[in-house]
Amino acid sequence: MALITSDRARFPNDPWKLVETVHLPGNAGALETLFSLGNGHLGIRGAHWAAADAELPGSFINGFHEIWDIKHAENAYGFARTGQRILYVPDANNFVVVVDGELLTLAESTVLDYRRSVDFATGVYECRIVWQCRSGATVTTTERRAVGYEARGALGISLELAADRDISADVTSAVVNRQDQPAGDHSAHDPRRAGRHAGRVLLPVRLDGGDGSLRLSWEAAESKQRLGMAVDHWTSAGVQPFDTLIDQDDSSVRYVLAISADAPFVLEKSVSYAVGWSADEDLADTAEAALLPVAAIFAQSHAHYRAYWTTSDIVVGGQAELQQAVRWNLFQLAQATACADVAGIPAKGVSGSGYDGHYFWDQEVYLLPYLTYTSPGNARQVLEFRHALLPEARVRAKELSVDGALFPWRTINGLEASAYYAAGTAQFHIAAAVAFATNRYNWATGDTEFKETLGAELLIETARMWASLGFFGKDGLFHIHGVTGPDEYTAVVNDNLYTNVMARFNLRAAAALDHPAIDDAERELWGQAANRMQLPYDEDLQVYSQDNDFMTLEPWDWDTPRSKYPLLLNFHPLVIYRHQVLKQADTVLAMFLLWQDFSAEEKRRAFDFYDPITTGDSTLSACVQGIMAAEVGHSNAALEHFIHALYIDLDDTHGNTIDGVHIASAGGVWSALVSGFAGLRDQGEVPYFDPRLPADWGSLDFHLMLRGGLLHVELDHAALRLTLSGAAPAEVDVRGERFTVGSEPVNVPLHEIASPPPTVFPSGPPTSSIPVIRQ
């Protein structure tokens, strides 16, 4: 059942806000994700301030994690040894409000009016509740939150109490260490969810406080990372704390006072976090030095989003219902990346603990297109983060008997954390994802310094890995065996098409470099391997095969009840592996990324073959399927896939939004708009556009940062208008015709493209992106 779109009275459609007007029990955890705030470094879930009204509250700092030794039931050489998991940092969003002796909670108290929102234009969360107290008083509480940007460890919270008569109030503001609170293991039978640690994790280092101020710090028991926290309180009318209590797991500041009808009580809570490794540094002092007034934190948030939307907004003409969802996804992308600095982007950003806070290939393939064209400086920082992990990647390569560098499938600290190698380490294609993102950044920005230094090293080291992983067979072709592609429902196969196509790209990009680390023999090897790369092709079906054996597998039984999806939660991997069924786009993704390597007919036949047998069990799939549906001319399928991707979290269609935003899918939404409906393709001679605007859309409007300039793209059914500011005029290709674009708009007339009839294959009934039906 849908969440946001199922009840538009409760969740009204506002193009610049996500709004909830009625509180109902159920779905609290998913809504905590949807109303979360973050800046890429610090995140706070959108939980209510009362403990009784929260399901999975918490705060996170990107990269702050604990480690443990992975225990394999049956060990083997080269298995991942060190588990890593993002930690819940001590959480400041906790209040206990007692009015005239009554504890106010949504679960138990009488609510006359309720409204909460997160404002995309300002980054501010607000929750306003009108309570009918048993004493007869009508009390209004308003909580507002924002995170800092120049001060990325800053969090500002304000709580206001207003009443229609004089009341007595008892208000406690707390900092709670949720990491070491008793909790169930949410990861049971679902690898997408985060587990918990058995023993105590955060060991207190400093516990000080008084007069409404807290100075606290902890050390993670095994990783030895340290966290410092400073909290100051300010009240209207100078109300002083009744008491301040300090504890390693629950520190609090309490106010007991009378509130008159004409003087609301305002409590402001300024919070600052600092992380580090040094035992010599007092991180509580570091955090204290960065404390800001709450008003200043709100001002930073306002300023950040005022600038962000100027260049990052995407306007969908005539689609008010979709516009809110588009902006919510773009807002989540900003919240996951803006202040990550030189760090990775977790699969859930900083909105939850799903996937243990790990970094995957998602960031290079699904997030870096968005970052490269909206915030190239941030894109460079993510690539610098990958480069910083090269020492660990070189060690990992040696463990797997290959040259160069092998990046871990999932990680926080640079070590492989995937205990299931068939769907983890075997996904060697992460190396090509890093190379592809590097090359896109070089192409889109013209950053010569990066290209010649860090970028070159990333391309070279990954190319060396491919050259040693693969081999020249007796057929004279270059083969790569024993790998898993993006589709995790087929594992440890030979010559996965996506892997081979991306490896070929990687080898060619590295061979094209003029770099002293590459000698003639190595360049020749890379060129031969790329030119003779095996690309499996089924002559009977005239379709590129996902791998050498995929076309020989038994078709999946499509009468399988929908309640059995996602398959990974209901069938043993070996059952899935021996069937012709996909979790996500694989060959189709290859044809999107390496768009120049395949003909229009090859792409259309591949899409028509694979789309019906793709379950969409992965949230990474719908956006890509939609992009390729648009390119091959299936406009209805393109829109259906796009809408599925657009509402993955807003409607909790995969049933795990509680664990955090699917940030890669949000990045895929950006790509679906820019590369799907506007038809952008990059890394060719010039930027290329082949627009495919849905019939019911009036227009599409967005900006791209390109080689120091800002390209404004305006698309409707009649024409594509392009304007380039801040840079010299540049050539752009629109459907095979070159145009020089500068500061004056270039208007390119568009003709309608007929949709081709779908290719029919003997592969069973169409089952494209089977929706998960939740009871």
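Residues numbered from 1 in each chain as written. Predicted model: local features only at pLDDT ≥ 70, side-chain atom pairs only at ≥ 80, totals over all residues. Heavy atoms only, no water.

### Topic: helix α15 (residues 600-610)
- The element α15 is extensively covered by neighbouring structure, given that 8 of its 11 residues are classed as buried.
- Among all positions of α15, only Lys603, Arg604, Arg605, Ala606, Phe607, Asp608, Phe609 and Tyr610 are buried. (Buried < 20%, exposed > 50% of the residue type's maximum accessible area, 1.4 Å probe, protein only. Helix = DSSP H or I, 4+ residues; strand = E, 2+ residues; numbered from the N terminus.)

### Thoughts on the pattern of salt bridges
- Taken as a whole and assessed by the stated rule, the structure comprises 43 salt bridges.
- Between glutamate 399 and arginine 396 there is a salt bridge, with its nearest N and O atoms 2.8 Å apart. Highlighted residues: glutamate 399 and arginine 396, both in helix α7 (residues 390-399), separated by 3 residues, approximately one helical turn.
- The class of arginine 396 is buried, set by a relative accessible area of 8%.
- One salt bridge connects glutamate 685 with arginine 738, and the closest N-O pair in it is separated by 2.7 Å. (Salt bridge = Lys/Arg side-chain N within 4 Å of Asp/Glu carboxyl O.)

### Quick look at the environment of valine 434
- Along the polypeptide, valine 434 turns up in helix α8 (residues 430-445).
- Linking valine 434 and histidine 387, residues 47 residues apart in sequence, is a C-alpha distance of 9.5 Å.
- Look past the residues within four positions of valine 434 in its chain and what remains in contact with it is Glu364, Leu383, Arg386, Phe407 and Leu458. (Contact = heavy atoms within 4.5 Å.)

### A few points about empty space enclosed by the protein
- Here the structure, examined in full by the defined rule, presents 7 cavities of 30 Å³ or more.
- In terms of lining residues, the largest cavity is bounded by 13 residues, among which Arg440, Phe592, Ser675, Leu680 and Asp682 are the most central.
- A class-by-class count of the residues in the lining of the largest cavity yields 8 nonpolar, 2 polar and 3 charged. (1 Å grid on protein atoms, 1.4 Å probe; cavity = no way out; pocket = protein on both sides within 12 Å on 5 of 7 lines; lining within 4 Å. Points joined across faces, edges and corners; volume = space filled by probe spheres on them. Nonpolar A, V, L, I, M, F, W, Y, C, P; charged D, E, K, R; others polar.)

### Examining the nonpolar core
- Judged by nonpolar contacts, the single largest core of 220 residues is most densely connected at Trp361, Trp466, Tyr610, Leu673, Phe689 and Leu700.
- A per-element tally of this core places α8 first, with 11 residues.
- Beyond its immediate stretch of four places on either side in the chain, tryptophan 361 contacts Tyr366, Arg386, Trp409, His429, Ile430, Ala433, Pro486, Tyr498, Gln584, Leu589 and Leu620. (Core = buried A, V, L, I, M, F, W, Y, C linked by side-chain atoms within 4.5 Å.)

### Describing the packing of helix α10 (residues 454-469) against helix α12 (residues 520-531)
- Packing of α10 against α12 brings their axes to within 10 Å, and their N-to-C directions diverge by 65°. Crossing angle aside, the handedness with which α10 passes α12 is left-handed. Contact with α10, carried on its side by Ile460, Ala463, Arg464 and Ala467, involves Glu522, Leu525 and Trp526 of α12 and no other residues of that element.
- Of the residues in the contact of α10 with α12, the class split is 5 nonpolar, no polar and 2 charged. (Axes fitted to C-alpha atoms, helices over the stretch in contact; angles between N-to-C directions. Left-handed = near helix turned anticlockwise from the far one by under 90°.)

### Focus on the side chain of lysine 583
- Locating lysine 583 in the fold gives a position in the loop between β27 (579-580) and α14 (587-593).
- Setting aside residues no more than four positions away along its own chain, lysine 583 makes contact with Asp487, Glu488, Tyr489, Leu568, Thr614, Thr615, Gly616, Asp617, Ser618 and Ser621.

### Considering the sheet that holds strand β9 (residues 102-103)
- Across the sheet, 5 strands lie side by side as β9-β8-β14-β19-β18; this open sheet has antiparallel pairing. Of all the strands in the sheet, the pair left with one neighbour each is β9 and β18 (243-245).
- Where β18 lies against strand β19 (residues 250-259), 3 bridges are found, and the strand directions are antiparallel. Following the sheet pairing, leucine 245 is matched in β19 by serine 252. (Pairing = 2+ DSSP bridges.)

### Examining the side chain of threonine 445
- Structurally, threonine 445 can be placed in helix α8.
- A relative accessible area of 19% places threonine 445 in the buried class.
- Among the polar contacts listed, one links the side chain of threonine 445 to the backbone oxygen of tyrosine 441, at a separation of 2.6 Å.
- A distance of 3.2 Å separates the side chain of threonine 445 from the backbone nitrogen of aspartate 447, its partner in a polar contact.
- With sequence-adjacent residues up to four places away left out, threonine 445 is seen in contact with Pro376 and Arg707. (Polar contact = N/O pair within 3.5 Å; in protein donor to acceptor, adjacent residues only side chain to side chain.)

### Things to note about the packing of aromatic side chains
- Here the structure, examined in full by the defined rule, presents 32 aromatic pairs.
- Summarising the aromatic geometry, the rings of tyrosine 359 and phenylalanine 385 are spaced 5.0 Å apart at their centres and angled 85° between planes, so their arrangement reads as edge-to-face. Taken as a pair, tyrosine 359 in the loop between α4 (320-337) and α5 (362-374) and phenylalanine 385 in helix α6 (residues 376-388) lie far apart in primary sequence, 26 residues in all. In this pair, the class of tyrosine 359 matches that of phenylalanine 385, namely buried.
- Summarising the aromatic geometry, the rings of phenylalanine 642 and tryptophan 697 are spaced 5.7 Å apart at their centres and angled 70° between planes, so their arrangement reads as edge-to-face. Of this pair, phenylalanine 642 sits in helix α17 (residues 635-646) while tryptophan 697 sits in the loop between β29 (688-689) and β30 (699-706); the two residues are 55 residues apart in sequence, bridging distant segments of the chain.
- Here a set of aromatic residues connected by ring pairs shows up, and it is made of Trp16, Phe120, Tyr149, Tyr305, Tyr308, Trp309 and Phe331.
- When the ring centre of phenylalanine 35 is taken as origin, the NZ or CZ atom of arginine 116, which lies over that ring, is 4.4 Å away. (Phe/Tyr/Trp six-rings, centres within 6.5 Å; stacked < 30°, edge-to-face > 60°. Lys NZ or Arg CZ within 6 Å of the ring centre and 35° of its normal.)

### Concerning the environment of glycine 78
- Summarising the element assignment, glycine 78 is placed in the loop between β6 (65-69) and β7 (82-86).
- For glycine 78, a relative accessible area of 14% gives the class buried.
- Sequence spacing of glycine 78 and threonine 372 is 294 residues, and the spatial spacing of their C-alpha atoms is 35 Å.

### Considering the sheet that holds β29
- Strand order in the open sheet formed by 4 strands is β28-β29-β33-β34, and the pairing between neighbours is mixed. A strand with exactly one partner marks an edge of an open sheet, and here the two such strands are β28 (680-681) and β34 (737-741).
- Note: β29 against strand β33 (residues 730-734), 2 bridges, orientation parallel. The residue of β33 that forms the bridge with tyrosine 688 is aspartate 733.

### Some points on the environment of phenylalanine 407
- Inspection of the secondary structure puts phenylalanine 407 in the loop between α7 and α8.
- Each C-alpha atom, one on phenylalanine 407 and one on threonine 105, is 48 Å from the other, the two residues being 302 residues apart in sequence.
- Sequence-distant contacts of phenylalanine 407, that is, excluding residues within four places in its chain, are made with Arg386, Leu389, Leu390, Ala393, Ile430, Val434, Leu458 and Thr462.

### Side note on the pairing of strand β2 (residues 17-20)
- In the sheet, strand β1 (residues 13-14) pairs with β2 via 2 bridges, with the strands oriented antiparallel. Bridging across to β2, asparagine 13 finds its partner in leucine 18.
- If you look at the hairpin formed by β1 and β2, you'll find 2 residues sitting between the two strands.

### Examining the confidence of the model for the protein chain
- Looking at the protein chain as a whole, the pLDDT averages 95, with 96% of positions reaching at least 70.
- For residues 764-775, every residue scores under 50 in pLDDT, and the model assigns this stretch 29 contacts once sequence neighbours within four places are set aside. (pLDDT = per-residue confidence, 0-100.)

### Quick look at α6
- Relative to the 18 Å expected for 13 residues at 1.5 Å per residue, α6 spans 18 Å between its end C-alpha atoms, a close match to the ideal helical length.
- Where α6 is concerned, the buried positions are Asn378, Ala379, Arg380, Val382, Leu383, Phe385, Arg386 and His387.
- Packed against the buried residues of α6 are α4, α5, α7, α8, α9 (448-452) and α10. (Expected span 1.5 Å × (residues − 1).)

### Things to note about the packing of α15 against helix α16 (residues 622-632)
- Relative orientation of the contacting elements α15 and α16 amounts to 130°, with a least axis distance of 10 Å. On the basis of their axis angle, the class for α15 and α16 is oblique. The handedness of the crossing between α15 and α16 comes out as left-handed. The residues of α16 that touch α15, namely those facing Lys603, Arg604 and Phe607, are Gln625, Met628, Ala629, Glu631 and Val632.
- When the residues that make up the contact of α15 with α16 are grouped by side-chain class, the tally is 4 nonpolar, 1 polar and 3 charged. (Parallel < 35°, antiparallel > 145°, perpendicular 65-115°, else oblique.)

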